[in-house]
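Architecture at a glance
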Amino acid sequence: MRFDQVGVAGVAHVTPPVEVSSEAIEDRLAPAYERAGLVPGRLAMMSGVEARRFWPGPVRPSVIAAEAGEKVLQQADVDREAVGAVVFCGVCRDQLEPATANAVHAALGLSSEALVFDLSNACLGVMNGMALVANLIHSRQIQSALVLAGEDGRPLVEQTVDRLVADETLSRKTIKKDFASLTIGSGAAAVLLRRRESGDPQLVGEVHGAATEHHVLCVGGEAGESELSMATDAEALLEAGLELAAGTWDRFASTFGGDWDRIVTHQVGRAHHHRLLDCLGLDGERAATSYQSHGNVGSVSVPLTWSLASQQGFVAKNHRLALLGIGSGLNCMMMGVEP
């Protein structure tokens with residue numbers, strides 16, 4: 001899909017104040033590691049995730065998403081009455097009903113004529129939301145839209161650690177499905193798209209793909225569960241994801257070109273990042289990363305990494321930027337942003 005005159009007015013993120021190192025998590029996992037015959041240091045060594053960020057206590061996803069939304073609205077200095085859609089795209093939500101986007105909309109004091117709804121698709125949610133509202137802007141149904149997410153990964157990590165420590169039957173084999181859960185972090189991010197104005201980078205379009213035969217490779221929060229859990233076949237997920245990404249990239253590059261100044265990928269960990277770049281023949285020096293200090297922040301990962309890289313000057317408005325997203329399911333989306 002090509003978009004006509006869809007501008008990126010801004011992207012912003014919120015970083016939680018508490019840093020939790022992989023070493024600290026492994027200190028708590030010491031009894032489980034001993035039973036499974038694992039050596040401390042494995043978590044950072046295998047994933048490249050040195051630390052992740054958490055809020056000091058429970059938070060509502062709407063509150064942290066609204067904070068990111070407020071930052072991007074002030075950054076872009078837009079008329080709040082002109083925001084025609086608010087889409088919350090996180091894995092975490094305030095409750096099943098009503099949509100978390102309602103609380104965000106109310107907190108930000110936006111127009112009563114705006115579309116307000118949730119869109120959830122694992123780690124790909126924000127990019128799906130961007131594509132949807134870009135189509136609305138492209139067709140002139142709305143003037144601008146706010147796409148945001150807030151993820152609180154702490155409960156999943158804490159409950160996974162407690163469960164592993166309590167599991168007397170734990171082995172090197174059975175712990176593998178929980179390894180990915182220990183790399184999860186927290187954060188919030190917001191992207192503001194609008195009918196393009198002078199100086200706005202342009203969201204030129206997107207290409208997407210699906211390989212839903214792999215939907216069982218990463219499953220979290222199954223109905224009827226009394227606690228949070230996520231079971232991941234990390235090795236199979238990586239290989240299936242690379243195959244899906246390769247096919248999606250071929251179509252993306254043939255449509256929008258293969259030469260990009262900067263690249264932002266979904267931040268799973270070191271192996272996933274480097275294998276993806278190698279698979280697609282992309283230069284790692286052009287790719288922004290955040291997994292080392294933030295871990296995997298679900299739907300927030302791509303916009304948070306983009307926002308951090310922009311803040312640090314690594315991504316500038318004159319760069320051609322490729323956003324390469326993937327989420328369990330499996331689903332993949334690639335987007336281009338140009339000067």
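Look a little higher up for the structure.
Below, the structure is looked at part by part. (Residues numbered from 1 in each chain as written. Predicted model: local features only at pLDDT ≥ 70, side-chain atom pairs only at ≥ 80, totals over all residues. Heavy atoms only, no water.)

Checked against the element boundaries, Thr 183 lands in the loop between helix 7 (154-166) and strand 7 (187-195). What makes Thr 183 buried here is its relative accessible area of 5%. Within polar-contact distance, the side chain of Thr 183 engages the backbone oxygen of Ala 180 at 2.7 Å. (Helix = DSSP H or I, 4+ residues; strand = E, 2+ residues; numbered from the N terminus. Buried < 20%, exposed > 50% of the residue type's maximum accessible area, 1.4 Å probe, protein only. Polar contact = N/O pair within 3.5 Å; in protein donor to acceptor, adjacent residues only side chain to side chain.)

Looking now at the packing of aromatic side chains. Counting across every chain of the model gives 3 aromatic pairs. When the ring of Phe 252 is compared with that of Phe 256, the centres are 5.4 Å apart and the planes differ by 50°; the resulting orientation is tilted. In this pair, Phe 252 and Phe 256 are both assigned in helix 8 (residues 234-256), 4 residues apart and thus about one turn of the helix distant. Across the pair, exposure class does not vary: Phe 252 and Phe 256 are buried alike. Between Phe 252 and Trp 260 the ring centres are 5.4 Å apart and the planes differ by 25°, which places this aromatic pair in the stacked class. Here Phe 252 and Trp 260 have matching classes, each one buried. Chaining the aromatic ring pairs together yields one cluster made of Trp 249, Phe 252, Phe 256 and Trp 260. (Phe/Tyr/Trp six-rings, centres within 6.5 Å; stacked < 30°, edge-to-face > 60°.)

On to the layout of surface pockets. Empty space within the second largest pocket amounts to approximately 280 Å³. Val 11, Pro 201, Trp 306, Ser 310 and Lys 317 are the residues nearest the centre of the second largest pocket, which is lined by 17 residues in total. Top element by residues in the lining of the second largest pocket is strand 1 (residues 6-14). It accounts for 4 residues. Its residues assigned to classes, the lining of the second largest pocket shows 10 nonpolar, 4 polar and 3 charged. (1 Å grid on protein atoms, 1.4 Å probe; cavity = no way out; pocket = protein on both sides within 12 Å on 5 of 7 lines; lining within 4 Å. Points joined across faces, edges and corners; volume = space filled by probe spheres on them. Nonpolar A, V, L, I, M, F, W, Y, C, P; charged D, E, K, R; others polar.)

Looking now at unusual backbone geometry. Of the consecutive residues Glu 97 and Pro 98, the connecting peptide bond is found in the cis state with omega at 0°. Here the amide bond leading from Gly 329 into Leu 330 is cis, since omega sits at -15°, within 30 degrees of zero. Of note, Leu 330 is situated in the loop between strand 13 (321-327) and strand 14 (331-338). Of note, the phi angle at Gln 5 is positive, near 55°, even though the residue is not glycine. Position of Gln 5 among the secondary structure elements: in the segment before strand 1. A relative accessible area of 30% means that Gln 5 is categorised as partly exposed. With a phi close to 50°, Asp 77 is a non-glycine residue in the positive phi region. As for its position among the elements, Asp 77 is in the loop between helix 4 (61-76) and strand 4 (83-88). Given the relative accessible area of 69%, Asp 77 is considered exposed.

Moving on, we get to the environment of Val 126. Within the element layout of this structure, Val 126 appears in helix 6 (residues 125-138). Using a relative accessible area of 3% as the deciding quantity, one classes Val 126 as buried. Separated by 197 residues in the primary sequence, Val 126 and Leu 323 place their C-alpha atoms 11 Å from one another. For Val 126, the contacting residues outside a window of four places in its chain are Cys 89, Val 147, Ala 149, Val 191, Ser 299 and Pro 303. (Contact = heavy atoms within 4.5 Å.)

Among the 9 residues in strand 8 (residues 202-210), 7 count as buried, and that is most of the element. Alignment of strand 8 against strand 14, held across 8 bridges, turns out to be antiparallel. If you follow Glu 206 over to strand 14, its bridge partner there is Met 335. (Pairing = 2+ DSSP bridges.)

Here helix 9 (residues 270-280) has its buried residues at His 273, Leu 276, Leu 277 and Leu 280. Here the buried residues of helix 9 occupy an arc of 95° about the axis, which is enough to place them on one side. Looking at the buried positions of helix 9, the neighbouring elements they touch are helix 8, strand 11 (262-265), strand 12 (287-288), helix 10 (291-294), strand 13 and strand 14. (Arc of directions from axis to C-beta.)

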